[in-house]
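An overview of the molecular structure
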Amino acid sequence: MFMKPDIKILQPKKLLGKCMRMNFVENNTALLWKSFMPMRNQITNKLGNDLFSVTVYEALPDFENFNPQTFFTKWAAVEVSDFNDVPDDMQTLTLTSGMYAVFNYKGLSTDTQIFEYIFATWLPASEYELDNRPHFEILGDKYKNNDPNSEEEILIPIKMKQSV
């Protein structure tokens, strides 16, 4: 059903946007994006038009014993060249370099099957394990909110499994 990901080493990225602490029980992602989208045009040093939906977990997530009440910080952001001009009510985030599994996903962003596949099927069978860095989606030109033909890239931070 889902394809294997591309494994890529990403260079650091500077992001500028808005963030909100939440969990999956009280998921305020739509509210976060609604507050960010009207303000995104205030950002003068954007690198491209891609939007970044970033999840920063407070600790390495345990998806085998998933707890929907675990808090994380969600970001709605764009990539910028520098942090010299940060509009009021926005924050900065630097994604460090590292290895990512990049899944090209087509479908509704509300469909959780892709994440079930990644964490319950692909990751356990792979030679990789989660790394404790932000997870993110890149919402590019082919992203269409609430559309089954929408396309996005899902990036999962990984590292080689430690031999026991």
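Just so we're clear, the structure is a prediction, and the values are computed from it rather than from any experiment. (Residues numbered from 1 in each chain as written. Predicted model: local features only at pLDDT ≥ 70, side-chain atom pairs only at ≥ 80, totals over all residues. Heavy atoms only, no water.)

Here we come to the overall build of the protein. Within the protein one finds 2 helices and 9 strands. Shown N-terminal to C-terminal, the secondary structure of the protein runs as helices and strands in the order β-β-α-β-β-β-β-α-β-β-β. Taking 2.2 N^0.38 as the reference for a compact globule, 164 residues should give roughly 15 Å; the C-alpha atoms of the protein span a radius of gyration of 16 Å, in line with that estimate. Taking the principal axes of its C-alpha atoms as reference, the protein extends roughly 50 × 30 × 30 Å. Counting all 164 residues of the protein, 40% fall into the buried class. Of the contacts formed within the protein by residues at least 6 apart in sequence, a portion of 77% connects residues at least 24 apart. With the model as given, the accessible surface of the protein reaches about 9,600 Å², and the carbon-plus-sulfur share is 49%. Separation between the mean location of the 16 positive side-chain charges and that of the 22 negative ones in the protein comes to 3 Å. (Helix = DSSP H or I, 4+ residues; strand = E, 2+ residues; numbered from the N terminus. Rg over C-alpha atoms; globule rule 2.2 N^0.38 Å. Buried < 20%, exposed > 50% of the residue type's maximum accessible area, 1.4 Å probe, protein only. Contact = heavy atoms within 4.5 Å. Areas by Shrake-Rupley, 256 points an atom, 1.4 Å probe, with all protein chains shown as cover. Lys, Arg positive; Asp, Glu negative; His and termini not counted. Charge placed at Lys NZ, Arg CZ, Asp CG, Glu CD.)

Note that every value here comes from positions in space, so none of it alone points to a role or purpose.
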